[in-house]
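Residue-level listing of the chains:
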Amino acid sequence: MTTHDLKAVEKPAVPRDDVLLRATDVTKHYTLRPDGFARHRRVLRAVDGVSLEVRAGETLGVVGESGCGKSTLGRCLVRLTELTGGRVEFDGRDISTLSARRLRPVRPGMQLVFQDPHASLNPRRRAGEIVAEPLLIHRYGNAAAVRRRVAELFDVVGLAAAHLDRYPHEFSGGQRQRIGIARALATAPKLIVADEPVSALDVSIQAQVLNLFADLQDEFALTYVFIAHDLGVVRHVSDRIAVMYLGEIVELAETEALYGAPSHPYTQALLSAVPDLDDGSAPTPARERVVLTGEVPSPADKPTGCPFRTRCPYARERCALERPPLTETAPGRWTACHYPLAAEPLSVLGTPPPATTPPGP
Ligand SMILES: Nc1ncnc2c1ncn2[C@@H]1O[C@H](COP(=O)(O)OP(=O)(O)OP(=O)(O)O)[C@@H](O)[C@H]1O
């Protein structure tokens, strides 16, 4: 895929305090059973104190290497996973402690689109039945109303109504992801968490699906949390980007600011691995290339202090001693680093990073 294939997306400015989703100090820890290597139970810190806000109508990209906790965070945000600690507010309501019964009426408003449409669609169900399922669960209406709504959703995602009775294996990968998107849209959600929604697709059709996401956002005023390891994809679709490392957000900034001048050494290293795009877009300013060496440490055995310090070319003594808080190092830019690469700190995070209004059109 080249970004020639991707449509430019213009978005209106949204009010500063129109926050749809707020995560405060969210943690998800797994207790591992003792094994041959460890005789005691160990705690795996998949998500380790994440705070962020997502404004209504924006796309927040979440990037990081495999295993850094992106999917687990995504599932925590829509409460498909129970949190170990912290709080998630959706549409002004704390959903982290709601009982299953009280969560039920909230669920239609937030949906997840999965990475692998092949694995996430029941192979024994027809496409129309798959898309109808959430409508039946949430008692959308009688059979005729459900049929009408499913046909409408097929149309919205660019699938032919003639294919309603086909099984998932009879569709291409891109079409299967369209079924997954139609299923997510069925209950008219405000928020969609998309977990690597194009990674399993052929490069040639990734752009089509990304363009569909953009069109749907315009049409239905959707808010996205868009998880991806591919920085090229995330750059194109995101208003702001959160960079994760070992279960923590290490940098959060508006997309172009982040790409133009990364503030955290981990972001700098991730961007160093991405070739500059030859697509006519503004070139990335010259930056120091930093090569990431070594493996990501296990989230069951996190380094003391800064989680990135064992791979950071700039690490000093303090980095092993103190965990750096997520700090506003420039307006709208939050960095968890004792020695950020950009501006001086403005304030220390006590509350989640505020959503800053993007420049108007
Ligand atoms: N149910 C579970 N039990 C134990 N550990 C888990 C469980 N689910 C996830 N993990 C661990 O939590 C960490 C974060 O996993 P997660 O899938 O969220 O990362 P990710 O960034 O989405 O990676 P990927 O891009 O490979 O999906 C990993 O070390 C993973 O092995």
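This one's a predicted model, so the numbers in the text were calculated from it and none came from an experiment.

A. Quick look at the overall build of the protein chain. Helices and strands together make up the secondary structure of the protein chain, namely eleven helices and 13 strands. Across the 361 residues that make up the protein chain, the buried fraction comes to 42%.

B. Fine view of the nonpolar core. Counting residues in each nonpolar core, the largest one holds 89 residues, and the members touching the most others are Leu 77, Val 131, Ala 182, Val 225, Ala 242, Val 243 and Ile 249. Residues from two domains meet in this core; each of domain 1 (19–33 + 41–80 + 205–215 + 222–361) and domain 2 (92–189) gives at least three. Residues within four places of Val 225 in sequence aside, it is in contact with Val 54, Leu 60, Val 62, Gly 74, Leu 77 and Val 193.

C. Broad picture of the packing of helix H4 (residues 127–137) against helix H5 (residues 143–156). Running from N to C, H4 and H5 cross one another at 120°; their axes reach a closest spacing of 9 Å. Taken together, the axis directions place H4 and H5 in an arrangement best described as oblique. Helix-helix and strand crossings are classified by hand; for H4 and H5 the assignment is right-handed. In contact with Gly 128, Val 131, Ala 132, Leu 135 and Leu 136 of H4, H5 contributes Val 146, Arg 149, Val 150 and Leu 153. Looking at the contact of H4 with H5 residue by residue, the class counts come to seven nonpolar, one polar and one charged.

D. Geometry of the site of the ligand. Taken together, 13 residues surround the ligand, and among them Ala 46, Ser 66, Lys 70, Ser 71 and Thr 72 come closest. Of all the secondary structure elements, the ones that give two or more residues to the shell around the ligand are strand E2 (42–55) and helix H1 (70–77). With three residues, H1 is the largest single contributor of residues to the shell around the ligand. Per-class residue counts for the shell around the ligand are five nonpolar, seven polar and one charged.

E. Layout of H5. Here H5 is 14 residues long and its end C-alpha atoms lie 20 Å apart, about the 20 Å a rise of 1.5 Å per residue gives. For H5, the complete set of buried residues consists of Val 150, Leu 153 and Phe 154. Along H5, the residues classed as buried sweep out an arc of 100° about the axis, all on the same side. Exposed side chains of H5 directed beyond 90 degrees from the buried face belong to Ala 144, Ala 145, Arg 148 and Asp 155. Considering only its buried residues, H5 is in contact with H4 and helix H6 (173–185). Positive phi shows up at Gly 158, right after H5, with a value of about 80°.

F. How the structure looks around the domain arrangement of the protein chain. What the domain assignment reports for the protein chain is domain 1 (19–33 + 41–80 + 205–215 + 222–361) and domain 2 (92–189). Each side of the interface is counted separately: domain 1 has eight residues, and domain 2 has eleven residues. When residues in the side of domain 1 that touches domain 2 are grouped by element, the largest group, four residues, is from helix H7 (residues 203–220). Counted by class, the side of domain 1 that touches domain 2 contains five nonpolar, two polar and one charged residues.

G. Spotlight on H4. For H4, the full list of buried residues reads Ala 127, Gly 128, Ile 130, Val 131, Ala 132 and Leu 135. Looking at the packing, one finds that the buried side of H4 touches H5 and H6. Phi turns positive one or two residues past the end of H4, at Arg 139, with a value near 50°.

H. Inspection of the sheet that holds E2 at higher detail. Across the sheet, four strands lie side by side as E2-E1-E4-E5; this open sheet has antiparallel pairing. The open sheet is flanked by E2 and strand E5 (93–94), the only strands paired with a single partner. Relative to E2, strand E1 (residues 19–32) runs antiparallel, the two being bridged by eleven bridges. Of the residues in E2, the one forming a bridge with Ala 23 is Leu 52.

I. Focus on unusual backbone geometry. Even without a glycine there, the phi angle at Asp 91 is positive, about 55°. Along the chain, the position of Asp 91 falls in the loop between strand E4 (85–90) and E5. Phi is positive for Arg 139, which is not a glycine, with a value near 50°. As for its placement among the helices and strands, Arg 139 is situated in the loop between H4 and H5. Here Arg 139 falls in the exposed class, since 8 other C-beta atoms lie within 10 Å of it.

J. The pairing of strand E6 (residues 110–113), seen in detail. Alternating residues of E6 divide into Met 110 and Leu 112 and Gln 111 and Val 113, and every residue in both groups is buried. With four bridges joining them, E6 and strand E7 (residues 191–195) adopt parallel strand pairing. Note that in E7 the partner of Val 113 across the bridge is Ala 194.

K. Focus on the pairing of strand E10 (residues 248–254). The element E10 is largely enclosed, with a buried count of six among its seven residues. Note: strand E9 (residues 240–245) against E10, six bridges, orientation antiparallel. In the strand pairing of E10, Ala 242 is matched with Leu 252. The hairpin turn running from E9 into E10, its antiparallel successor, is two residues long, and Leu 246 in that turn takes a positive phi close to 45°. Here E10 pairs with strand E12 (residues 333–335) via two bridges, running antiparallel. Note on E12: the bridge partner recorded for Glu 251 is Thr 335.

The rules behind these values
- Residues numbered from 1 in each chain as written.
- Predicted model: local features only at pLDDT ≥ 70, side-chain atom pairs only at ≥ 80, totals over all residues.
- Helix = DSSP H or I, 4+ residues; strand = E, 2+ residues; numbered from the N terminus.
- Buried ≥ 20, exposed ≤ 12 C-beta atoms within 10 Å, placed from the backbone.
- Core = buried A, V, L, I, M, F, W, Y, C linked by C-beta atoms within 7 Å.
- Domains from an automatic or database assignment.
- Contact = placed C-beta atoms within 7 Å.
- Axes fitted to C-alpha atoms, helices over the stretch in contact; angles between N-to-C directions.
- Parallel < 35°, antiparallel > 145°, perpendicular 65-115°, else oblique.
- Left-handed = near helix turned anticlockwise from the far one by under 90°.
- Nonpolar A, V, L, I, M, F, W, Y, C, P; charged D, E, K, R; others polar.
- Near = placed C-beta within 6 Å.
- Expected span 1.5 Å × (residues − 1).
- Arc of directions from axis to C-beta.
- Pairing = 2+ DSSP bridges.

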